[in-house]
Amino acid sequence: MPSPLFADRSAPQPPERGTVEALITQTRRLRGEVDAVRRDTEVDDDDTLWRWQRALCDLAVHQLDDLGAHLEELKAGRPDGPAPEEPARGQHRAPRHGREIQDSAAPARGRIGSAEWNLLTDEVSWSDELFEIFGRPPESGPLSLDELPSLVFADDQTLLTAMVTGCLIDGRPMDGEFRIVRPDGRVRTLRMTGEPVLDADGCTASMWAVLRDISELRRSERTVRDVRDSLHREHHIAQTERRLVVELQEAVLPSWRGSSRPAARSGPAALDVAARHLPSTADPSACRDWYDALELPGGDTLLTVGELTGQGMAAASSMAMTLGALRGMAVAGIEPGALLGHLNQLLDTSERPALGSVLCSRYNPRTRTFAWAQAGHPAPLLFRDGTGRVLTPPDGVLLGATSGAAYEQADIRLRPGDLLVLYTDGLTRDGDTTGTDRDRLLALAPRLAGTRTAQECARAVVEELGTSERTDDACVMAARVGG
């Protein structure tokens, strides 16, 4: 029956039993499906995203349990057993939520209890479930309204007092949460809803309430919030790291990237150099590959391409260290083979160990000699007279793979008009069956023969291979001998 406080409203009609049973069945099925998803989730306590997904599943299960309990109560309707005594004339009595309802709502047993405080007789009645919620033996008896705050958190006592006072004095319905400390020391969060029962004069004769233990629900909600906050922090950190990586790349990589390198010296054998960086389609901010061309004292030119393992700031800082060391040793006049040996020692003893694939070369325009060494890197391609071939690589292992590694050096004399193409792995997309990076580049020989500048060569390579989807970034450098 509706509360007397709202007697001017027509009482809502109870739902049909079959409809409620169908909702209960749907809730149970959905609960089982959510629980199955929770069980099938791969366990990874170190993954914040996994912990967030697991917390959401736990919260959904708790909420579905609560929904099932409410539907079971709705299905039970009026408690079974003898009809309740008719209230005295003019006195209205709110429905009792007793044990009979709880027995038909098995999922909620021990989580929902009811109580009634009679202000005329000082009689207090608690359901068995409420004793279980408070951790209080039934033989000790229920708590009066004056005794109830003794188990409530000090911070929540004011809220409870305000709810009870508003119900008893002003006749307002109650709906609020507070925490209790059970005799065993466990803290539980309860939600209390209830209404006053008025006598013929409109005064409060008693007060009934339903108390629900929502501790697990609130715990799940806190877990979801905490993990969501962790995800937001990780996202912010990742964004900051990507920005710093880009800034570090901008500071370290050549300022002429994406166009031809300005020629520092002119002459019949001078090199025309252009290079392109092809970003990863999976992570455009990733940049583990590099290229560089540097005019050295005495007129030689340093040409290098390479890549390092790692991700984020660790990879970017390792690239900056490696490229800086490489430039410094090249300026000091160290030949490519010996230079890679020093780089290997640097990476092997670094606080952040990494593996590197590098091609290092030195071009002498006076003799048109191309001296080069490689550390686990694809060999350069030489295009001459409309055909291309792979230069025979000297021995060399990945940088950082072994201590004390020695790197051989190879020399080749170039001719006017020769074109060298240096590149890193990953030019073609993953799973490409049309051939390797080397084969597809060699197949471009007729087209490259018709180009006049290194910039046109680099553009031709990008047009042919640059639109492919790739999970890693890549670099390509074209160097044409003048004359």
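Below: a short report on this structure. (Residues numbered from 1 in each chain as written. Predicted model: local features only at pLDDT ≥ 70, side-chain atom pairs only at ≥ 80, totals over all residues. Heavy atoms only, no water.)

1. Considering the pairing of strand β3 (residues 174–181)
In step 1: Alternating residues of β3 divide into M174, G176, F178 and I180, all buried, and D175, E177, R179 and V181, none buried.
In step 2: Hairpin remark: β3 followed by strand β4 (residues 187–198), antiparallel, with 5 residues in the connecting loop; positive phi at G185, about 90°. (Buried < 20%, exposed > 50% of the residue type's maximum accessible area, 1.4 Å probe, protein only. Helix = DSSP H or I, 4+ residues; strand = E, 2+ residues; numbered from the N terminus. Pairing = 2+ DSSP bridges.)

2. Brief notes about the sheet that holds strand β14 (residues 419–423)
In step 1: Strands sit in the order β6-β15-β14-β11-β12 across an open sheet of 5 strands; the sheet is antiparallel. Lying at the two open borders of the sheet, with one neighbouring strand each, are β6 (271–278) and β12 (387–390). Strand-to-strand twist across the sheet, computed as the mean angle between neighbouring axes with direction ignored, equals 20°.
In step 2: Alignment of strand β11 (residues 381–384) against β12, held across 4 bridges, turns out to be antiparallel. Each residue of the ladder has a partner; that of F383, found in β12, is G388.
In step 3: Sheet strands in contact with helix α11 (residues 454–465) are β6, β14 and β15 (474–481), and its direction is about 25° off that of β6. (Axes fitted to C-alpha atoms, helices over the stretch in contact; angles between N-to-C directions. Contact = heavy atoms within 4.5 Å.)

3. Quick look at the packing of aromatic side chains
In step 1: If you walk through the whole model with that rule in mind, you get 2 aromatic pairs.
In step 2: Ring geometry for W126 versus F131: centroids 5.2 Å apart, planes at 55°, classification tilted.
In step 3: Judged by relative accessible area, F131 falls into the buried class, the value being 7%.
In step 4: An angle of 35° between the planes, with centres 5.0 Å apart, marks the rings of W126 and F134 as tilted.
In step 5: Taking relative accessible area as the criterion, W126 reaches 10% and is therefore assigned buried.
In step 6: A relative accessible area of 1% means that F134 is categorised as buried.
In step 7: Here the aromatic cluster, defined as three or more aromatic residues joined through ring pairs, consists of W126, F131 and F134. (Phe/Tyr/Trp six-rings, centres within 6.5 Å; stacked < 30°, edge-to-face > 60°.)

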